There are 2 protein chains.
Amino acid sequence: MQEEPIIKSSISKQIADQLRNSIINGRFKTGERLPTEDELANRYGVSRATIREALKRLAAQNLVRSRRGPTGGNFVNQPTHEELAESLSGAATLLVSLGSMDIEEIVDARRVLQGSCLKLAAQHAKPEQVQKVQAALVRQKQVGISDEAFCHADVAFHRALVDAADNSMIRFVMYTTIEALVPITNMVLSYVKDRHEIIAIHERLLSALEQKREDELEIALNQLLDYLMESFRLAQIQRSKYQKPPSGSN
Amino acid sequence: MQEEPIIKSSISKQIADQLRNSIINGRFKTGERLPTEDELANRYGVSRATIREALKRLAAQNLVRSRRGPTGGNFVNQPTHEELAESLSGAATLLVSLGSMDIEEIVDARRVLQGSCLKLAAQHAKPEQVQKVQAALVRQKQVGISDEAFCHADVAFHRALVDAADNSMIRFVMYTTIEALVPITNMVLSYVKDRHEIIAIHERLLSALEQKREDELEIALNQLLDYLMESFRLAQIQRSKYQKPPSGSN
DNA sequence: CCGATATTATTTGTCTGACAAATACATGTC
DNA sequence: GACATGTATTTGTCAGACAAATAATATCGG
């Protein structure tokens, strides 16, 4: 067994993987500073540019962050839930925009997953978590706010709902599912001017949560998603009227 | 409004973000080749090293892949589901290893999410998907296979179950949840030598799927997760016997 | 002695130019 | 026509340099 005969991937990638493993296995602890780029270069016997490319790969995954100066360096980053959710939703929006997932699938997924999630929320929700849901809804009900602000509040509302389930793992995956639908919600909103319907359903969700009525929660959720799908179809029709269908879309 | 007065992040990061947006907005289509590094460097008015660091950030997210030679270059990569699942599970294992999520939460999440997922599977599963589940179970039942191989087959089994739900979004998030538990499963297996219990429950799951019995699926799932948690606790106790608690672990 | 300011050292960020390696394409030889 | 050879193109890596940020230290005035 030779050392490493048939390496096909680039050195910088290999180094990135090694460093990554060192982090996961705890050889580098979170918050700790890793050796300077010069020293890493010496240690691995490569140039600093290569080391930097490896570090940038890790930085793209929020695994390290760098700071300049004497006390600076590259530090192992404990990704916050926010950062994690962000990179996840980045992946999700990418999938959607590349057409790897269609809207029906996402809506179906949300029907099922968020359904379970809401049941959990009804069981576990603490008062302050319910209050957060309410706060988001209040923001959403402000008259005269922009589409963007409305959509932002919409996301906050659903995130608060998910948070009420009080489970990190569920939060992790549900944030992704929610984010994946944001572009569609945005599109729908620009055609469907009236937001009353959405707000009404949200209010229904909130009161059902307060009363811990699981059945009611499920009904309201389905109502919301049905409305979203219906609006989406209308928006698509409207769109194809004004903007000729791309016949030879190549 | 000046051009860009108060930028704090590095140029390479900014360029990476710009390229990323160009890809998402479809200015660069999937499979397409982007300009050579030299040309990008000219276009952005930076050095090639900077461009390369930006590209490595994107490569770390599986957004681009590079090839050498005349027809080579950096190409926009349509991430396969495998790659996506891989990077997701990478994030998940990271979260677990960094202790951002505890096992109870993951198991609870799986109870709920996979529960819904199995119901969907019972409704939608196509024959060939059921067959894949069966195939994975057969592999797992081979006598004398290593812990590693057993665990691999275990993942394949659960993935096949998820695939049976026939929904890309669900697959996306469930793969993550499954992967997050792999390290624990591994650890449990190294202490709990007997695999019969797991296989028995898996067989129960399979037959319940074949008969489309949703209630039975849920019961079996809970049984499996209960067993896992119980074994995990035992493993922890066993562990603390042989390996002194790290009192001053410095 | 103290405090504000200047200097210095360290480390990442970026630039420049070069060469190595892979690889498609053209060219030449038999 | 088949096969070897060269050649151009593009990424991968290297080496050394300077710029920018920043914390520690030294300096000077009170």
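If you're wondering where the values come from, they're calculated on a predicted model, not measured in any experiment. (Residues numbered from 1 in each chain as written. Chains lettered and ligands numbered in written order. Predicted model: local features only at pLDDT ≥ 70, side-chain atom pairs only at ≥ 80, totals over all residues. Heavy atoms only, no water.)

1. A word on the domain arrangement of chain A
Here is the rule: For the domain bounds, the source is a domain assignment made automatically or taken from a database.
Domain boundaries assigned for chain A yield domain 1 (11-76) and domain 2 (81-241). Look at where the C-alpha atoms of domain 1 of chain A and domain 2 of chain A centre, and you get two points 38 Å apart.

2. Some points on the pattern of salt bridges
Residue and element names in this part refer to chain A. We count it as follows: For this document, the term salt bridge refers to a Lys or Arg side-chain nitrogen within 4 Å of an Asp or Glu carboxyl oxygen. A helix here means a DSSP run of H or I that spans at least four residues, while a strand means a run of E at least two residues long, and both kinds are numbered starting from the N terminus. Think of it in three bands: residues with accessible area under 20% of the maximum for their type are buried, residues over 50% are exposed, and the middle band is partly exposed, with areas taken using a 1.4 Å probe on protein chains only.
Applying the stated criterion across every chain, the model contains 26 salt bridges over all chains. For Asp-226, the salt bridge identified is with Arg-111, shortest N-O distance 3.1 Å. Of this pair, Asp-226 sits in helix H10 (residues 214-242) while Arg-111 sits in helix H5 (residues 103-124), and the two are 115 residues apart along the sequence. Look at Asp-226 and you get partly exposed, because its relative accessible area is 41%.

3. With respect to the pairing of strand S3 (residues 73-76) of chain A
Residues and elements named next belong to chain A. Applied cut-off: For two strands to pair, DSSP has to find at least two bridges joining them.
With 2 bridges connecting them, strand S1 (residues 33-34) and S3 associate as antiparallel partners. The partner of Arg-33 across the bridge, within S3, is Phe-75. Where strand S2 (residues 64-67) and S3 come together, 4 bridges link them in antiparallel fashion. Counterpart to Arg-65 in the pairing with S3 is Phe-75.

4. Thoughts on the nonpolar core
The following threshold applies: The nonpolar core is taken to be a set of buried Ala, Val, Leu, Ile, Met, Phe, Trp, Tyr and Cys residues, with the residues joined through side-chain atoms within 4.5 Å. Contacts were defined at the residue level, with two residues in contact if any of their heavy atoms lie within 4.5 Å.
Core analysis: the largest hydrophobic core is formed by 129 residues, its most contacted members being Phe-172 of chain A together with Phe-172 of chain B. Ignoring sequence-local partners within four residues, the contact set of Phe-172 of chain A consists of Leu-84 and Leu-88 of chain A together with Ala-91, Leu-95, Met-101 and Thr-176 of chain B.

5. Concerning the interface of chain B and chain A
We apply this condition: Note on terms: buried area is the combined drop in 1.4 Å-probe accessible area of two parts once they are placed together, counting the loss on both. Nitrogen and oxygen atoms within 3.5 Å of one another constitute a polar contact, given that in protein one can donate a hydrogen and the other can accept it, and given that sequence-neighbouring residues count only through two side-chain atoms. Residues are grouped as follows: Ala, Val, Leu, Ile, Met, Phe, Trp, Tyr, Cys and Pro are nonpolar; Asp, Glu, Lys and Arg are charged; all remaining types, including Gly, are polar.
Listed by partner, the interface residues are 42 residues for chain B and 42 residues for chain A. Between chain B and chain A lies a buried interface of about 4000 Å² when both sides are counted; carbon and sulfur atoms form 71% of it. Measuring nitrogen to oxygen at the nearest pair gives 2.7 Å for the salt bridge that ties Glu-53 of chain B to Arg-52 of chain A. Across the chain B-chain A interface, the total number found is 7 residue pairs in polar contact (both at pLDDT 80 or more). Mapped by element, the contributors of at least two residues to the side of chain B that touches chain A are helix H1 (11-24), helix H3 (48-60), helix H4 (81-97), helix H5 (103-124) and helix H8 (168-191) of chain B. A class-by-class count of the residues in the side of chain B that touches chain A yields 22 nonpolar, 12 polar and 8 charged.

6. What about the relation of the copies chain B and chain A?
Under the convention used in this document: Only residues with pLDDT of at least 70 in both copies count here: their C-alpha atoms drive the least-squares fit that superposes the copies.
For the pair chain B and chain A, the relating rotation is 180°, the translation along its axis is 0.0 Å, and the fit reaches an RMSD of 0.1 Å. Here the copies are linked by what is in effect a two-fold axis.

7. Regarding the protein's contact with DNA strand C
Applicable threshold: Throughout, the term near means that a residue has one or more heavy atoms lying within 4 Å of the molecule or strand in question.
Taken together, 25 residues form the shell around DNA strand C, and within it Arg-52 and Ser-66 of chain A together with Ile-11, Thr-50 and Pro-70 of chain B come nearest. The contact in question runs from a phosphate oxygen of DNA strand C to an N or O atom on the backbone of Ser-47 of chain B, over 2.8 Å. For DNA strand C, a sugar or linking oxygen lies 3.4 Å from a polar atom in the side chain of Arg-68 of chain B. When residues of the surface near DNA strand C are traced back to their parent elements, those giving at least two are helix H3 (48-60), S2 and S3 of chain A together with H1 and H3 of chain B. Broken down by element, the residue count for the surface near DNA strand C peaks at 3 residues, all from H3 of chain A. Counted by class, the surface near DNA strand C contains 4 nonpolar, 12 polar and 9 charged residues.

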